[in-house]
Amino acid sequence: MKYLLLLLLLAGCSTTVPVVQKFPNATPELMKSCENLKKVEGDKVAITEMLKVIVYNYSLYYECSTKVDGWQDWYNEQKKIFESVK
Amino acid sequence: MWILSILPDAAIHIIFGLGILGTIAGFVLGFIPLVKTYKLAIQVISLLVLVFGVYLEGGLADYKTWELRVKEMEAKIAHSETKSSEKNIEIQEKIVEKTKVIREKGRDIIQYVDKEIVKKEEVIKYIENCPVPKDVIDTLNKAAEKGDKK
């Protein structure tokens, strides 16, 4: 009788139903680190060689800036999706 | 309510039904000799069973409502996960395409330097007469280094 009463009293205790939203995966291309800038090698360097290194480094900058833009895009899109689940 | 996960729905309906039947028996069918003998006991027990039955029925109705909401939420999450991976593919393609264009542009300019710029008389004269000073190269290389704290 004592246990039955206890059972009745505890009958209302709630149980939680977990609905978990997974953290979204990042785009693989965004996970790649930016390359280090290239250096001019040698002591006697022609100006054209230096120019080529500078041009190459400009390309690296724009590649990296594309990744930053990509991260911003990814964040904004994922935020919109996350907020739509309510 | 954890008890709802143990008891099947039918058991809850049976408890509620027994409560109703017992209450009717205790209060209405008192003229039957057998019921008359245990009238008070039947009334008390059946009222308790009825109260518990009503409580469980209410809990069950609430549980069903929540169960529906959970399913709805799960469907929404599944949809958002699909949408999320679609967006990832979209972003991936955009980045790959942009990177390709940037690399091609850089390569084209370097090829242009190798093929056209180095052949120009003005440039040839400049290269012969003015090598780039070592200090300029060192400064440029220093600027290309990462500014990590040591």
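Preceding this section is the structure that the text describes.
In what follows, the accompanying structure is described. (Residues numbered from 1 in each chain as written. Chains lettered and ligands numbered in written order. Predicted model: local features only at pLDDT ≥ 70, side-chain atom pairs only at ≥ 80, totals over all residues. Heavy atoms only, no water.)

Glancing now at the state of the cysteines. Residue and element names in this part refer to chain A. Enumeration over the complete set of coordinates arrives at one disulfide over all chains. Here Cys34 engages in a disulfide with Cys64; their sulfurs sit 1.8 Å apart. Residues Cys34 and Cys64 are joined by a disulfide whose S-S torsion is about 80°; by sign, that bridge is right-handed. Taken together, the residues Cys34 in the loop between helix 1 (2-10) and helix 2 (47-84) and Cys64 in helix 2 connect sequence positions 30 residues apart. By relative accessible area, Cys34 is classed as partly exposed at 32%. (Disulfide = S-S within 2.5 Å. Helix = DSSP H or I, 4+ residues; strand = E, 2+ residues; numbered from the N terminus. Buried < 20%, exposed > 50% of the residue type's maximum accessible area, 1.4 Å probe, protein only.)

Residues and elements named next belong to chain A. For the structure shown, the criterion picks out two aromatic pairs over all chains. Taking the centre distance of 4.9 Å and the plane angle of 70° together, the rings of Tyr61 and Tyr62 count as edge-to-face. Judged by its relative accessible area of 47%, Tyr62 is partly exposed. Taking the centre distance of 5.4 Å and the plane angle of 80° together, the rings of Trp71 and Trp74 count as edge-to-face. Separated by three residues within a single helix, Trp71 and Trp74 lie in helix 2, roughly one turn from each other. Trp74 sits in the buried class, given a relative accessible area of 8%. Against the face of Tyr56 rests Lys38, its NZ or CZ located 5.0 Å from the ring centre. (Phe/Tyr/Trp six-rings, centres within 6.5 Å; stacked < 30°, edge-to-face > 60°. Lys NZ or Arg CZ within 6 Å of the ring centre and 35° of its normal.)

Our next topic: helix 6 (residues 134-144) of chain B. Residues and elements named next belong to chain B. Buried within helix 6 are the following residues: Ile137, Asn141 and Ala144. Looking down the long axis of helix 6, one finds its buried residues gathered within 55° of arc, a one-sided arrangement. Among the exposed residues of helix 6, those oriented more than 90 degrees off its buried face are Asp135, Thr139, Lys142 and Ala143. (Arc of directions from axis to C-beta.)

Contact with chain A, which involves 50 residues of that partner, is made by 45 residues of chain B. Along the contact surface separating chain A from chain B lie five salt bridges. Residue B:Lys94 is joined to A:Asp73 by a salt bridge in which the shortest nitrogen-to-oxygen separation is 2.8 Å. For the interface between chain A and chain B, the tally reads 12 residue pairs in polar contact (both at pLDDT 80 or more). Elements represented by at least two residues in the side of chain A that touches chain B include exactly helix 1 and helix 2 of chain A. Considering every element that reaches the side of chain A that touches chain B, the biggest residue donor is helix 2 of chain A, with 18 residues. (Contact = heavy atoms within 4.5 Å. Salt bridge = Lys/Arg side-chain N within 4 Å of Asp/Glu carboxyl O. Polar contact = N/O pair within 3.5 Å; in protein donor to acceptor, adjacent residues only side chain to side chain.)

Now for the pattern of salt bridges. Taken as a whole and judged by the stated rule, the model has 12 salt bridges over all chains. When the shortest N-O distance is used, the salt bridge between B:Asp114 and A:Lys52 registers 2.6 Å. Highlighted residues: B:Asp114 in helix 4 (residues 39-115) and A:Lys52 in helix 2, drawn from two different chains. B:Asp114 gets classed as partly exposed once you look at its relative accessible area, which sits at 37%. Salt-bridge contacts for A:Glu77 lead to B:Lys87; the nearest nitrogen and oxygen are separated by 3.7 Å.

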